[in-house]
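# A look at the structure
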Amino acid sequence: MSITLDQVTKRYQGSPVVNDVSLDVAEGEFFVLLGPSGSGKSTLLRAIAGLTGVDHGRITLHGHDVTHVSARQRGVGLVFQNYALFKHMTVGDNIEFALRVRRTKAADRRARRKELLRLVALEGMDDRLPTQLSGGQQQRVAVARALAHKPQVLLLDEPFGALDAKIREELRRTIRQVQRELNITTVLVTHDQEEAFAMADRIGVMNLGRLLEAGRPAELYATPATRFVATFLGAANLLLARQTAQGIRFGATPVNVRAVEKFDGAREHEVVAVLRPEEVELAPTRDNLRTNYIAHGAVEELVFTGAMERMRVRLNNGAAGAQIATASEAASGTALLEVTRTQHEQRGFPVTLGQSVAIGVRRIHVLPTPLSSYTSCGSDASAAEQLAQHAFLSELASRMKTRIATRVEPALATMTSDIATTPISGVAVVGASANAAAQIRWLLRNGAGEVLVLPADSTPPQRVLIHWADDESRRPTLAVAASLLRHVPAEAVYIGIMPEGVSDMQRPAGVRTLLDARSEAQAVHGLEMRTELRFGVAADELRRQLQDASDQMLILGVSSLDQLSGDFSSLLVPPPGCSLMVVYRPTDTPAGELRTAP
Ligand code: ADP
Ligand code: MG
């Protein structure tokens, strides 16, 4: 490996701006770090370069641990957006600067300069001053200067930022050619998805300090694992669907499973499906569709963009139609589907504003996330609605581009053993109260897979503690934790707990459990987390940790409701400022069956 990052964390004012990032970049690879502004890309790049120290983790370049090595000695070349060239120096002197500092002989400097100017297509410009060059040419000089001392790694931070579109494209091509010719391992930072697609061998997408996913551009686009990557890499409709043993359903409408992805459906549950605008087919009637029908709709917005036609289609959520919740619905209370069509498709079926259309899908992709939507639960309407306004919950739902439904369940107050009439979808949310423990059990008995408990004053956590009661709960708990942590800029710590007084012989087994948990989190769920081993009674240890500081959250996994009645019941009302997510996957329920009250 050329660059290896192992759980790199950088904090400013206590908050992680680079959060547990692990990554391998191969020899000669062109890797693009992509993410919105403020996601930590530049900080991570500066950490690789040695311009900023890290608070945690290790950086290895070509097999050497350089975590504590100075920038000068790391053998990296750097180009920034506004990497001002030395204004009073000629192009030639700028390029030779790094070589002069390293006391390279004049003849060698000259030869290297000539070679580099050829590489960046600026032959003969040696004697110009930077002010006599265009912006694009100045950045070429900056690239040549960064390469002069033959670094083994080239790091570029938004190098095209200040340039106009055409120059940018030329410079992209040059940089890619230079990179291929030298076969130099390169990391480029950008917030521009198109640029990432145009240049990258592999893209790593960052958000809120975390590296969410890394992969080849086409793979990431077609089969993202996360909502953020799905929507950041291009337009995407996020739809709530139900995964059943027979296939995927939008409301009452089954989607032919052969045309979509297979799933290992066990229990029926809500899922998030990604539908790209170009995978939508429109036709005058359902019978005219060549693809899987999902709903009817009306054309509400129509924009001609040259090659493509872009439109928004309002979905009919009638009795026969599909109940589709889209990201835009979550934001605006309406269900609008984004659609793009080629010229060819437009000619086949021209549409006008207001027209009713049948909608089919060529391909949908179901995200593996276990957190699909939120249902704010209360014993009366005002309680449920008030909770739906909770600041942390609103922030979570908006980051996840999903909806918060409300649900009134009088049984939550009376605690009679009533069974809910319809199963609960998504994450059930309740306020923290003396009743919380009983409410959590009631909701979990009635179909909820997760319950989020929010004290009125709880804020987005800075630290998320993860613990599971038994091995069966490990996998679902990690999946929920990974999904949640993609949307919360918090540090994740798995707390493993062994009984007090275990013998020295048994301790290695505890440490092994931690390591296994960490690698499973990383390999299966794309989550980087720390681990801590504690000794004592699990519930006491966890409570102690939560009382340590506010702004914490506990994710607690169980596989049986009995586990919530014993020691853990004291954890079900979180301390002030903290919140709790209970993850419940019963082991004793046959697949496909809904749980009922005992
Ligand atoms: P990006 O390059 O993805 O836009 P940065 O790495 O520049 O993001 O910044 C990530 C976050 O860290 C931002 O919220 C930024 O304000 C913060 N940050 C960056 N550098 C510093 C610093 N020296 N001191 C305090 N906060 C910083
Ligand atoms: Mg930046």
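Reading the values: the criteria
- Residues numbered from 1 in each chain as written.
- Chains lettered and ligands numbered in written order.
- Predicted model: local features only at pLDDT ≥ 70, side-chain atom pairs only at ≥ 80, totals over all residues.
- Heavy atoms only, no water.
- Helix = DSSP H or I, 4+ residues; strand = E, 2+ residues; numbered from the N terminus.
- Rg over C-alpha atoms; globule rule 2.2 N^0.38 Å.
- Buried < 20%, exposed > 50% of the residue type's maximum accessible area, 1.4 Å probe, protein only.
- Areas by Shrake-Rupley, 256 points an atom, 1.4 Å probe, with all protein chains shown as cover.
- Lys, Arg positive; Asp, Glu negative; His and termini not counted.
- Charge placed at Lys NZ, Arg CZ, Asp CG, Glu CD.
- 1 Å grid on protein atoms, 1.4 Å probe; cavity = no way out; pocket = protein on both sides within 12 Å on 5 of 7 lines; lining within 4 Å.
- Points joined across faces, edges and corners; volume = space filled by probe spheres on them.
- Nonpolar A, V, L, I, M, F, W, Y, C, P; charged D, E, K, R; others polar.
- Pairing = 2+ DSSP bridges.
- Contact = heavy atoms within 4.5 Å.
- Axes fitted to C-alpha atoms, helices over the stretch in contact; angles between N-to-C directions.
- Domains from an automatic or database assignment.
- Phe/Tyr/Trp six-rings, centres within 6.5 Å; stacked < 30°, edge-to-face > 60°.
- Lys NZ or Arg CZ within 6 Å of the ring centre and 35° of its normal.
- Arc of directions from axis to C-beta.
- pLDDT = per-residue confidence, 0-100.

## Structural notes on the overall build of the protein
When its secondary structure is counted, the protein shows 18 helices and 29 strands. In summary, the protein has a C-alpha radius of gyration of 27 Å against a globular reference of 25 Å for 598 residues, a match within 12%. If one aligns the C-alpha atoms of the protein with their principal axes, the spans along those axes are about 90 × 75 × 40 Å. With 598 residues in all, the protein has 53% of them scored as buried. Summed over all atoms, the accessible surface of the protein reaches about 25,600 Å², with 49% contributed by carbon and sulfur. Here the protein holds 66 positive side-chain charges and 65 negative ones, and the gap between their average locations is 7 Å.

## Remarks on empty space enclosed by the protein
Inspection of every chain in the model, using the stated rule, returns 2 cavities of 30 Å³ or more. Taken as a whole, the second largest cavity spans an internal volume of roughly 30 Å³. Along the walls of the second largest cavity sit Phe392, Glu395, Leu396, Arg399, Pro460, His487, Val488 and Pro489, which together make up its complete lining. In terms of residue class, the lining of the second largest cavity is made up of 5 nonpolar, 1 polar and 2 charged.

## Brief notes about the sheet that holds strand E5 (residues 64-65)
In spatial order, the strands read E2-E1-E4-E5; together these 4 strands make up an open sheet with antiparallel pairing. Looking along the sheet, the strands with just one partner apiece sit at the ends: strand E2 (15-25) and E5. Pairing of strand E4 (residues 56-61) with E5, which is carried by 2 bridges, proceeds in the antiparallel orientation. Pairing of leucine 61 across the sheet is with histidine 64, part of E5. Running at roughly 120° to strand E1 (residues 3-12), helix H1 (residues 41-49) makes contact with E1, E2 and E4 of the sheet.

## Things to note about the domain arrangement of the protein
What the domain assignment reports for the protein is domain 1 (3-227), domain 2 (234-366) and domain 3 (374-584). For domain 2 and domain 3, the distance between their C-alpha centres works out to 34 Å.

## Considerations on the packing of aromatic side chains
Enumeration according to the criterion identifies 4 aromatic pairs in this entry. Geometrically, the ring pair formed by phenylalanine 86 and phenylalanine 97 is tilted, given 4.7 Å between the ring centres and 55° between the ring planes. Of this pair, phenylalanine 86 sits in the loop between strand E6 (76-80) and helix H2 (91-101) while phenylalanine 97 sits in helix H2, and the two are 11 residues apart along the sequence. The class of phenylalanine 97 is partly exposed, set by a relative accessible area of 32%. Consider the rings of phenylalanine 228 and phenylalanine 232, whose centres lie 5.3 Å apart with planes at 15°: the pair is stacked. You can see phenylalanine 228 and its partner phenylalanine 232 sitting in helix H8 (residues 227-232), 4 residues apart, about one turn around the helix. We note arginine 145 situated over the ring of phenylalanine 86; from NZ or CZ to the ring centre the distance is 4.8 Å.

## Re helix H17 (residues 538-548)
When we look at burial in H17, the residues that qualify are Ala539, Glu541, Leu542, Gln545 and Leu546. All buried residues of H17 fall inside an arc of 165° around its axis, so they share one side. Residues of H17 that are exposed and point over 90 degrees away from its buried face: Gln547 and Asp548. Of the surrounding secondary structure, the elements contacted by the buried residues of H17 are strand E25 (463-468), strand E26 (491-498), strand E27 (530-535) and strand E28 (552-558).

## Here's the deal with the environment of arginine 507
With respect to the helices and strands, the residue arginine 507 is situated in helix H16 (residues 507-525). Relative accessible area serves as the criterion here: at 33%, arginine 507 is assigned to the partly exposed category. The spatial distance from the C-alpha of arginine 507 to the C-alpha of leucine 282 is 62 Å, given a sequence separation of 225 residues. Ignoring sequence-local partners within four residues, the contact set of arginine 507 consists of Met498, Val502 and Phe535.

## Thoughts on the confidence of the model for the protein
Per-residue confidence for the protein gives a mean pLDDT of 89; residues scoring 70 or more make up 93%. Low pLDDT, under 50, characterises residues 258-265; the predicted model gives this stretch 17 contacts beyond four residues in sequence or across chains. This stretch, residues 318-323, has a pLDDT under 50; its non-local contacts, to residues over four places away or in other chains, come to 15 contacts.

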